[in-house]
Amino acid sequence: MGEIAGAPVELERPSDPEHGDYATNVALRTAKQRGRPPRELADELAGRVVELPEVERAEVAGPGFLNLFVTDDFLSELLAEVGPEFGAGSAETTERIQVEFVSANPTGPITVASARNGAYGDSIARLL
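Note that the coordinates shown come from a computational prediction; the quantities given were computed from them, not determined experimentally.

What counts and what doesn't
Residues numbered from 1 in each chain as written. Predicted model: local features only at pLDDT ≥ 70, side-chain atom pairs only at ≥ 80, totals over all residues. Heavy atoms only, no water. Pairing = 2+ DSSP bridges. Helix = DSSP H or I, 4+ residues; strand = E, 2+ residues; numbered from the N terminus. Axes fitted to C-alpha atoms, helices over the stretch in contact; angles between N-to-C directions. Salt bridge = Lys/Arg side-chain N within 4 Å of Asp/Glu carboxyl O. Buried < 20%, exposed > 50% of the residue type's maximum accessible area, 1.4 Å probe, protein only. Patch = residues over 30% accessible without salt bridge, like charges linked within 9 Å, V, L, I, M, F, W, Y side chains within 5 Å. Areas by Shrake-Rupley, 256 points an atom, 1.4 Å probe, with all protein chains shown as cover. Polar contact = N/O pair within 3.5 Å; in protein donor to acceptor, adjacent residues only side chain to side chain. Phe/Tyr/Trp six-rings, centres within 6.5 Å; stacked < 30°, edge-to-face > 60°. Lys NZ or Arg CZ within 6 Å of the ring centre and 35° of its normal. Core = buried A, V, L, I, M, F, W, Y, C linked by side-chain atoms within 4.5 Å.

## Brief notes about the sheet that holds strand E3 (residues 65-70)
For sheets, the rule is that strands pair by backbone hydrogen bonds, running either parallel or antiparallel.
Inference 1: Strand order in this open sheet of three strands is E1-E3-E2, and the pairing throughout is antiparallel. With partners counted over all chains shown, the strands left at the sheet margins are strand E1 (22-24) and strand E2 (55-61), one partner each. For this sheet the average axis-to-axis angle between neighbouring strands, irrespective of direction, equals 25°.
Inference 2: Note that E2 and E3 share six bridges and pair antiparallel. When the bridges of E3 are listed, arginine 57 appears paired with phenylalanine 69.

Below is the structure:
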């Protein structure tokens, strides 16, 4: 998309899924250099970016934001690249660590926090 915009494009994930899979403010950032209104530039970019096979549709929002919706085929291809073994690896070299998260105090009262913190410590140790 950087070639279409003529500038580096930063894609962000919108907080609201109705605003697309990705969003960019490239039209707002480059409008002054090009001497054009940002919304007009975003309209032009939207028309050109939908020609990419990965983009299903593009919508202009606000003063010149560009919301992009990618195709299901593109997402399927990305998932196929990840593969079923993604995240199944382990550290190359094993390393011994000691996790101290809760100190048992045999003379003090046992509180809910002691039990909760013990569970947190156990979970952290298992993750590591």
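## Details of the pattern of salt bridges
Inference 1: Taken as a whole and assessed by the stated rule, the structure comprises five salt bridges.
Inference 2: Of the charged contacts in the structure, one is a salt bridge between glutamate 40 and arginine 36, with a shortest N-O distance of 3.2 Å.
Inference 3: With relative accessibility at 26%, the residue arginine 36 sits in the partly exposed group.
Inference 4: Arginine 36 serves as the salt-bridge partner of glutamate 44, at 2.6 Å between the closest nitrogen and oxygen.
Inference 5: Salt bridges sharing common partners tie together Arg36, Glu40 and Glu44.

## Comments concerning a nonpolar patch on the surface
Inference 1: Among the surface-exposed residues, Ile97, Val99, Phe101, Val102, Tyr120, Ile124 and Leu128 lie close enough to one another that they form a single nonpolar patch of about 630 Å² accessible area.
Inference 2: Mapped onto the elements of the fold, tyrosine 120 is located in helix H5 (residues 112-127).
Inference 3: Looking at tyrosine 120, the relative accessible area reads 45%, which means it is partly exposed.

## Some points on the side chain of threonine 30
Inference 1: Considering the arrangement of structural elements, one finds threonine 30 in helix H2 (residues 26-34).
Inference 2: Here the side chain of threonine 30 touches valine 26 through a polar contact of 2.8 Å, landing on its backbone oxygen.

## Some details on the packing of aromatic side chains
Inference 1: The tally for this structure, following the rule as stated, stands at zero aromatic pairs.
Inference 2: Lying across the ring of tyrosine 22, arginine 13 places its NZ or CZ 5.0 Å from the centre.
Inference 3: Note that arginine 57 overlies the ring of phenylalanine 69, its terminal NZ or CZ placed 3.7 Å from the centroid.

## Description of the nonpolar core
Inference 1: Grouped together as the largest cluster of nonpolar side chains are 14 residues, with contacts concentrated most on Leu45, Ala58 and Leu66.
Inference 2: The set of elements that each furnish at least two residues to this core consists of H2, helix H3 (38-49), E2 and E3.
Inference 3: For this core, the leading source of residues is H3, giving five residues.

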